[in-house]
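A look at the structure
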Amino acid sequence: MNILFVMYDQLRFDYLSCAGHPFLQTPNFDRVASQGVRFTNAYVQSPICGASRMSFYTGRYVSSHGAQWNGFPLRVGEMTLGDHLRDAGMACWLLGKTHMKADAKGMARLGLSPSSIIGARQADCGFDTWARDDGLWAQGPDGFYDAKRSPYNEYLKSKGYDGENPWADYANAGTAGGELASGWMFENADKPANIREEDSETPWLTTETLRFLEQAEGNWCAHVSYIKPHWPYIVPAPYHDMYGHNTIQRPVRHQTELDDPHPVLGAYHQTRVAQAFQQDEVRDKVIPAYMGLIKQCDDQLGRILDYLEQTDQMKHTMIVLTSDHGDYLGDHWLGEKDFFHEASVKIPLIIYDPRPEADATRGTTSDALVESIDIAATFVEAAGSDVPDHIIEGRSLTPWLHGAPPEDWREFVISEYDYSVTPRAEQLGVSPRDARMFMVFDGRWKLIHFEGGFRPMLFDLETDPDEFVDLGDSADHAEEVARMYDYLAQWGRRMSQRVTRSDADIQSMRGASMRRGVLPFLVDGSEVPPQFTEKYRGLTRQIHGPAASRGEERHDA
């Protein structure tokens, strides 16, 4: 079985027609959902690109792998999907974005050259690379956000788009009166990107994917990672005006959220992106473009699905559709992600398993509490290997796909966010070590804990599904707060760093020391079978030291 692992950057869980969006039609997402399982309670381990993706790729919580924010390197030696799947005889390829920062110092310390096979895999998050393009080719006074070469920019230049950075000048900009109308400005989101639709980012990566599939041999996992519908929010015609103001849903927000908010949430209300999305005119321009980007993603997904069907590969290709986090779009008076409301931390997750064991669950939904780290475990098991659960902290979703849910499934999910490098930490007077927050959610109650001396937040999603009422300082809910803190403490006590010895290794080592090397702690030797003391009994062969000076002789002299 092969695996097609498709990720869309910043795609909300509820912006698909199969998830109930009233206006946005996504027939190809729905097509996969009709043949697989759509998980309705899937959560990322951090609501920001880099940290979230490193959890997907390692199968480990953020505080386990350590790459806690964008640009934080994934330490050299951290095992990823590529490592696990290659051990199982499956190749693992990257097409698109990872947002992974290589541990250059660690590689240099170990003498790993980026040009070597092992060095290249370390630098590309364990993947073999077909076409890596992290997709944000922004340029400021001090240079580019990402210094790596962009294969997409090179493609645009080969198609006749001029300039140093056609990604910015054409793919993510419109034109107005002959002037550049950059997609970085929300006011331009309603303009068509100044690019032929077939040359824009999403079709380009789809074409690269089809090229990969045409030549792929053996067992493979292909991680197809689209940059869209992530900002800049601008999309080429005809997608730029497919959706009008009548298709924009009202923001999920309430005035009470602005009245004496939690200090950390209040700081996020004051960010530039939040201030922008609090304006209706911004939402009126951005959301139709966001929907257009998703519609384009759906159409391009259709190209891939058609190819798999035409080449008879659907019957042996697992397909996973998901996102690295959501997008507030003005909900809760916020923009972007970076916090733990459902719009940000909850993701779409659709899995099609071609095996006949999954026939009973086709076209169904599951409300099981799922974490993004479960994907790695699911893939390793699909590749025919046992999940190394001393390394991978997620659990395989195969039982849910095959209609045999385990009785001991998790009771809660965890997400973490490190905001130490953001202006919010300085604004709140929080040290880098304390600028961290944690979410624990049990399917009803959601607790958010903040280091640095702040009180917790608490939401009851059964009575308050919109998460408007913060009960964190309510005396009437002290027991729920304590119960959720018990969950957080239970998670905090997990065994997460003993990654070089599995439980099976440890069990096989028990008692082995008595048969090899050291034999300590005996009174007279009678405590153990005679063969354990055989090397420590018998005649003395030579006499040295004080015994020799006393004239002692060997017993056989």
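Below: a short report on this structure.

1. Section: the sheet that holds strand β15 (residues 436-441)
Strand order in this open sheet of four strands is β14-β15-β16-β17, and the pairing throughout is antiparallel. Where the open sheet ends on each side, the last strands, each with one partner, are β14 (413-418) and β17 (457-460). In this sheet, adjacent strand axes meet at a mean angle of 15 degrees when their direction is disregarded. Sheet analysis places β14 next to β15, joined by six bridges and oriented antiparallel. Bridge pairing in β15 links Ser415 to Met439. Strands β14, β15, β16 (445-450) and β17 of the sheet are contacted by helix α17 (residues 478-492), whose axis makes an angle of about 65 degrees with β16.

2. A word on the packing of aromatic side chains
Overall, the coordinates contain 28 aromatic pairs when judged by the stated rule. Centroid distance Phe339 to Phe450: 6.3 Å. Interplanar angle 35 degrees. Geometry classified as tilted. Separated by 111 residues along the polypeptide, Phe339 in the loop between β10 (317-323) and α13 (342-345) and Phe450 in strand β16 bring together distant segments of the chain. For the pair shown, Phe339 and Phe450 are each scored as buried. Here a set of aromatic residues connected by ring pairs shows up, and it is made of Tyr268, Phe339, Phe340, Tyr419, Phe450 and Phe454. Cation over ring: Arg424 sits above Tyr268, and NZ or CZ is 5.1 Å from the ring centre. Residue placement shows Arg494 over the ring face of Trp491; its charged tip is 4.1 Å from the ring centre.

3. Concerning helix α12 (residues 280-310)
The terminal C-alpha atoms of α12, which comprises 31 residues, lie 45 Å apart, in line with the 45 Å expected from a rise of 1.5 Å per residue. Burial analysis of α12 places 22 of its 31 residues in the buried class, the great majority of the element. Of the residues one or two after α12, Asp312 is the one with positive phi, at around 60 degrees.

4. Remarks on the pairing of β16
Buried residues dominate β16, accounting for six of its six residues. The two faces of β16 match: Trp445, Leu447 and His449 on one face and Lys446, Ile448 and Phe450 on the other face are all buried. Relative to β16, β15 runs antiparallel, the two sharing five bridges. Bridge assignment links Met439 to a residue of β16, and that residue is Ile448. A loop of three residues connects β15 with β16, the two strands running antiparallel in sequence, and Gly443 in this loop sits at a positive phi of about 100 degrees. What sits between β16 and β17 in their antiparallel hairpin is a turn of six residues, with Gly452 showing a positive phi close to 95 degrees.

5. Some thoughts on the side chain of Lys97
Among the secondary structure elements, Lys97 is positioned in the loop between β3 (91-96) and α5 (104-109). Classification of Lys97 as buried rests on a relative accessible area of 0%. Within the structure, Lys97 has its side chain in polar contact with the side chain of His99 (distance 3.1 Å). Among all residues touching Lys97, those that are not within four sequence positions of it are Asp9, Cys49, Arg53, Tyr57, Asp133, Asp134, His223, Ser225 and Ile227.

6. A few points about the nonpolar core
In this structure, Phe5, Phe339, Phe379 and Tyr419 are the most contacted members of the largest nonpolar core, which totals 70 residues. Broken down by element, the residue count for this core peaks at six residues, all from helix α14 (residues 374-382). Leaving out residues up to four positions away in the same chain, Phe5 has contacts with Phe56, Tyr57, Leu81, Cys221, Ala222, His223, Val224, Val320, Thr322, Ile375 and Phe379. Counting 59 residues, the second largest nonpolar core, distinct from the first, contains Ala193, Phe277, Ile304 and Ile319.

7. Remarks on the pattern of salt bridges
Pairing between side chains of opposite charge can happen when the charged atoms of each approach one another. Tallying each qualifying case throughout the model produces 40 salt bridges. The salt bridge involving Asp124 is made with Arg132; its shortest N-O contact spans 2.8 Å. Here the two residues Asp124 and Arg132 agree in accessibility, since each one is buried. Taking the shortest distance from any N to any O, the salt bridge between Lys315 and Asp312 comes out at 2.8 Å. Among the charged side chains, a network of salt bridges with common partners joins Asp9, Arg53, Lys97 and Asp324.

8. Digging into the side chain of Thr206
Note that Thr206 resides in helix α9 (residues 201-215). Here Gln300 takes part through its side chain, which lies 3.3 Å from a polar atom of the side chain of Thr206. Not counting chain neighbours up to four residues away, the residues in contact with Thr206 comprise Tyr226, Gln300, Arg303 and Ile304.

9. Considerations on unusual backbone geometry
The peptide bond linking Trp231 to Pro232 adopts the cis configuration, its omega dihedral lying at 0 degrees. Inspection of the secondary structure assignment puts Pro232 in the loop between β9 (220-226) and α10 (263-269). Residue Ala237 is joined to Pro238 through a cis peptide bond whose omega torsion reads 5 degrees. By the element assignment, Pro238 lies in the loop between β9 and α10. Even without being a glycine, Phe521 presents a positive backbone phi close to 70 degrees. When you line up the elements, Phe521 lands in the loop between α18 (503-509) and α19 (545-549).

Calculation criteria
Residues numbered from 1 in each chain as written. Predicted model: local features only at pLDDT ≥ 70, side-chain atom pairs only at ≥ 80, totals over all residues. Heavy atoms only, no water. Pairing = 2+ DSSP bridges. Helix = DSSP H or I, 4+ residues; strand = E, 2+ residues; numbered from the N terminus. Axes fitted to C-alpha atoms, helices over the stretch in contact; angles between N-to-C directions. Contact = heavy atoms within 4.5 Å. Phe/Tyr/Trp six-rings, centres within 6.5 Å; stacked < 30°, edge-to-face > 60°. Buried < 20%, exposed > 50% of the residue type's maximum accessible area, 1.4 Å probe, protein only. Lys NZ or Arg CZ within 6 Å of the ring centre and 35° of its normal. Expected span 1.5 Å × (residues − 1). Polar contact = N/O pair within 3.5 Å; in protein donor to acceptor, adjacent residues only side chain to side chain. Core = buried A, V, L, I, M, F, W, Y, C linked by side-chain atoms within 4.5 Å. Salt bridge = Lys/Arg side-chain N within 4 Å of Asp/Glu carboxyl O.

Shape descriptors only; they carry no functional weight alone.
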